[in-house]
Amino acid sequence: MKIAMVGSGYVGLVSGACFADFGHDVVCIDKDQSKIDRLHEGVMPIYEPGLDKLVESNVAAGRLSFTTDLAEGIKDASAIFIAVGTPSRRGDGHADLTFVYQVAKEVGESLSNDAVVVTKSTVPVGTGDEVERILADSGTSHKVSVVSNPEFLREGAAIGDFKRPDRIVIGAEDDFGRDVMREVYRPLFLNESPILFVNRRTSELIKYAANAFLATKITFINEMADLCERVGANVQDVSRGIGMDNRIGSKFLHAGPGYGGSCFPKDTLALLKTSEDYDSPTRIVEAVVKVNDTRKRAMGRKVLDALGGADNARGKKAALLGLTFKPNTDDMRDSPAIAIAQTLTDAGVEVAAYDPEGMEIAAPLMPEVKMCSDPYEAINDADAVAIVTEWDAFRALDLNRVKEIAKGHIMVDLRNIYNPDDMRDAGFEYSSIGRV
Ligand code: UDX
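What you see is a predicted model; the values in this text were computed from it and never measured. (Residues numbered from 1 in each chain as written. Predicted model: local features only at pLDDT ≥ 70, side-chain atom pairs only at ≥ 80, totals over all residues. Heavy atoms only, no water.)

Novice: It is not clear to me how the pairing of strand S5 (residues 115–119) should be interpreted in this structure. Could you clarify?
Specialist: Working note: regular strand, side chains alternate between the two faces of the sheet. Of all five residues in S5, five are buried, a share of seventy percent or more. Of the two faces of S5, the one carrying Ala115, Val117 and Thr119 and the one carrying Val116 and Val118 are both buried. Where strand S4 (residues 79–82) and S5 come together, four bridges link them in parallel fashion. Among the inter-strand pairings, Ile82 is bridged to a residue of S5, identified as Thr119. (Buried < 20%, exposed > 50% of the residue type's maximum accessible area, 1.4 Å probe, protein only. Helix = DSSP H or I, 4+ residues; strand = E, 2+ residues; numbered from the N terminus. Pairing = 2+ DSSP bridges.)

Shown next as structure tokens:
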């Protein structure tokens with residue numbers, strides 16, 4: 001089966017490469033010529049473990065190709081995926097659908113065969129209806145079915161998530177759409193990955209509901225962590241204690257500095273806009289968004305407190321280990337590190353940082369922060385060390401070396417990767433999240 005993937009960003013490229021690996025014939029399309037040129041040279045536009053190898057082997061096998069020519073790329077494709085960005089619209093938090101609608105129009109104008117048009121981009125409820133209208137207005141004489149098929153890929157684990165999904169959600173309105181999508185996902189069907197067929201609006205909402213629920217779960221445990229600190233409880237044990245209840249589940253109960261990334265912040269805001277538009281408030285999600293925003297700055301204040309309070313912090317030095325919103329990505333979008341660095345530099349703290357992948361993107365976002373070539377350079381002479389992202393590289397720091405080269409022995413572990421007793425025994429003034 002031939003598949004066209006319009007948009008060769010994170011979602012499009014991972015999905016395209018995985019579909020090719022299943023044996024489909026895939027063309028990834030993007031209007032950014034330099035991105036396509038680099039892909040032809042085997043250079044990935046994003047950092048995702050295993051993606052370069054997957055692309056390379058499928059290009060070599062002749063199943064994966066890249067082009068800027070949409071009309072040529074979609075020719076003979078049975079399924080045309082729209083996987084372009086839907087950033088938050090400036091000002092009101094609405095998902096910006098300009099790119100999605102532009103692609104729909106171009107697809108309609110260039111279509112040369114019957115096809116299913118699939119929105120993979122995260123789009124608000126009702127977008128599929130509008131895509132359908134745009135395609136109809138384009139005057140195409142070919143049979144088209146518009147389907148919603150949201151992605152649930154985690155950055156850093158996207159290939160595994162694609163190949164072994166918990167579920168595949170397909171929102172289709174007719175048999176043509178359902179049949180083609182069944183064929184697209186047949187390799188996974190054989191793997192016994194559950195496929196859920198629902199109507200299109202339901203599918204669109206499932207994506208937002210899933211992300212809002214996960215964001216809620218994280219925010220819930222983060223507030224429990226604060227409470228644990230006050231009452232002398234241990235949040236990791238609370239997570240275990242509640243997570244063993246199958247109705248709750250153990251995942252996404254890891255307390256930290258607040259969620260970031262390209263999905264949760266944007267999708268929760270977009271869901272709030274939809275709720276407002278339909279006059280059906282989602283007050284829990286409203287609270288989640290507010291609590292999470294406040295938390296990121298509060299984490300900066302936590303580091304200031306460890307340094308003796310905002311009034312005593314001026315001129316002191318802090319090392320930030322990890323800048324990306326989570327490990328195994330170079331993504332800095334809505335990373336708590338941005339607010340933490342800002343809070344520290346605002347208080348006159350000199351900040352040095354190290355991140356295995358994120359520094360190039362982070363540097364312009366935090367111009368006052370000195371980027372270092374390894375963790376120890378950042379720690380050198382620091383009064384306090386703060387672990388902001390749980391990269392593996394920070395799990396086994398040479399603690400003797402840290403104590404030797406740092407000025408102070410303060411460590412603020414915002415990801416709970418060390419054991420409090422061990423750290424105190426090792427001579428650190430150690431604080432973490434929700435543990436005393
Ligand atoms: C998320 C969803 O998991 C994915 O299904 C969706 O399609 C896109 O958004 P992603 O943003 O890549 O994926 O990262 P994820 O691993 O879900 O983490 C999101 C944020 O939550 C990170 O900042 C992470 O540090 C934080 N988090 C996650 C916690 O603080 N605690 C947890 O227990 C889990």
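Novice: Whenever I open this one, the side chain of Lys217 confuses me. Can you help?
Specialist: As for its placement among the helices and strands, Lys217 is situated in helix H10 (residues 200–231). No salt bridge is formed by the buried Lys217. Its closest oppositely charged neighbour is Asp245, at 10 Å. A distance of 3.3 Å separates the side chain of Lys217 from the backbone oxygen of Gly249, its partner in a polar contact. (Lys, Arg positive; Asp, Glu negative; His and termini not counted. Salt bridge = Lys/Arg side-chain N within 4 Å of Asp/Glu carboxyl O. Polar contact = N/O pair within 3.5 Å; in protein donor to acceptor, adjacent residues only side chain to side chain.)

Novice: Mind showing me how you'd approach the nonpolar core here?
Specialist: It is characteristic of soluble globular proteins that their nonpolar side chains tend to be buried jointly. Ranked by size, the top nonpolar core spans 56 residues in total, and within it Leu320, Leu323, Leu344 and Met411 carry the most contacts. The two domains that each donate at least three residues to this core are domain 2 (208–289) and domain 3 (292–431). The residues contacting Met411, other than those within four sequence positions of it, are Val385, Ile387, Leu397, Tyr418, Met423, Phe428, Glu429, Tyr430 and Ser431. With 40 residues, the next largest nonpolar core counts Leu39, Ile159, Phe176 and Val180 among its residues. (Core = buried A, V, L, I, M, F, W, Y, C linked by side-chain atoms within 4.5 Å. Domains from an automatic or database assignment. Contact = heavy atoms within 4.5 Å.)

Novice: In this structure, what is going on with the domain arrangement of the chain? I would like to understand it.
Specialist: The extent of an interface is frequently quoted as the accessible surface area lost upon association of the parts. The domain architecture assigned to the chain consists of domain 1 (2–198), domain 2 (208–289) and domain 3 (292–431). The distance between the C-alpha centroids of domain 1 and domain 3 comes to 38 Å. Contact with domain 1, which involves five residues of that partner, is made by eight residues of domain 3. With both chains or domains summed, domain 1 and domain 3 bury close to 560 Å², and 44% of this area falls on carbon and sulfur atoms. Counting the surface domain 1 buries against domain 3, the share from its top three residues, Tyr47, Glu155 and Gly156, is 88%. Run the count over domain 1 and domain 3 and you get zero salt bridges. Remark: the boundary between domain 1 and domain 3 carries two residue pairs in polar contact (both at pLDDT 80 or more). Taken together, the residues of the side of domain 1 that touches domain 3 sort by class into two nonpolar, one polar and two charged. (Buried area = accessible area lost by both parts, 1.4 Å probe. Nonpolar A, V, L, I, M, F, W, Y, C, P; charged D, E, K, R; others polar.)

Novice: How should the packing of helix H13 (residues 283–306) against helix H15 (residues 336–346) be read in this particular structure?
Specialist: Helix-helix packing is described using two parameters, namely the angle between the two axes and the distance between the axes. Where H13 meets H15, the closest approach of the two axes is 8 Å, and the angle between their N-to-C directions is 45 degrees. Relative to H15, the element H13 lies oblique. For the pair H13 and H15, the crossing hand works out as right-handed. Contacts between H13 and H15 involve Lys296, Arg297, Met299, Gly300, Arg301, Val303 and Leu304 from the former and Pro336, Ala339, Ile340, Thr343 and Leu344 from the latter. For the contact of H13 with H15, a count of residues per class yields seven nonpolar, two polar and three charged. (Axes fitted to C-alpha atoms, helices over the stretch in contact; angles between N-to-C directions. Parallel < 35°, antiparallel > 145°, perpendicular 65-115°, else oblique. Left-handed = near helix turned anticlockwise from the far one by under 90°.)

Novice: Looking at this structure, I do not really get the packing of aromatic side chains. What am I missing?
Specialist: Given two aromatic rings, their pairing is described by the distance between the two centres and the angle made by the two planes. Considering all chains together, one arrives at nine aromatic pairs under this definition. What links up through ring pairs into an aromatic cluster is the set Phe19, Phe22, Phe81, Phe162 and Tyr185. The ring of Phe152 carries Arg167 above its face, with NZ or CZ at 3.6 Å from the centroid. When the ring centre of Tyr376 is taken as origin, the NZ or CZ atom of Arg401, which lies over that ring, is 4.0 Å away. (Phe/Tyr/Trp six-rings, centres within 6.5 Å; stacked < 30°, edge-to-face > 60°. Lys NZ or Arg CZ within 6 Å of the ring centre and 35° of its normal.)

Novice: I keep staring at H10 and nothing clicks. Help me out?
Specialist: For an α-helix, the turn length of 3.6 residues means that residues three or four places apart are oriented alike. The end-to-end C-alpha separation of H10 is 47 Å, in line with the 46 Å expected for 32 residues at 1.5 Å each. Sitting at the head of H10, Asn199 places a side-chain oxygen 3.3 Å from the backbone nitrogen of Arg201. At the C-terminal side of H10, Gly232 shows a positive phi close to 80 degrees. (Expected span 1.5 Å × (residues − 1).)

Novice: Sorry if this is basic, but what is going on with the packing of H10 against H13 here?
Specialist: For the pair H10 and H13, the least separation of the axes is 9 Å and the interaxial angle reads 50 degrees. Classed by the angle they form, the pair H10 and H13 counts as oblique. The chirality of how H10 crosses H13 is left-handed. Packed against H10, whose contacting residues are Ala212, Ala215, Thr216, Thr219, Asn222, Glu223, Asp226 and Glu229, the element H13 presents Ile284, Val285, Val288, Val291, Arg295 and Lys302 at the interface. Among the residues making up the contact of H10 with H13, the classes are represented as six nonpolar, three polar and five charged.

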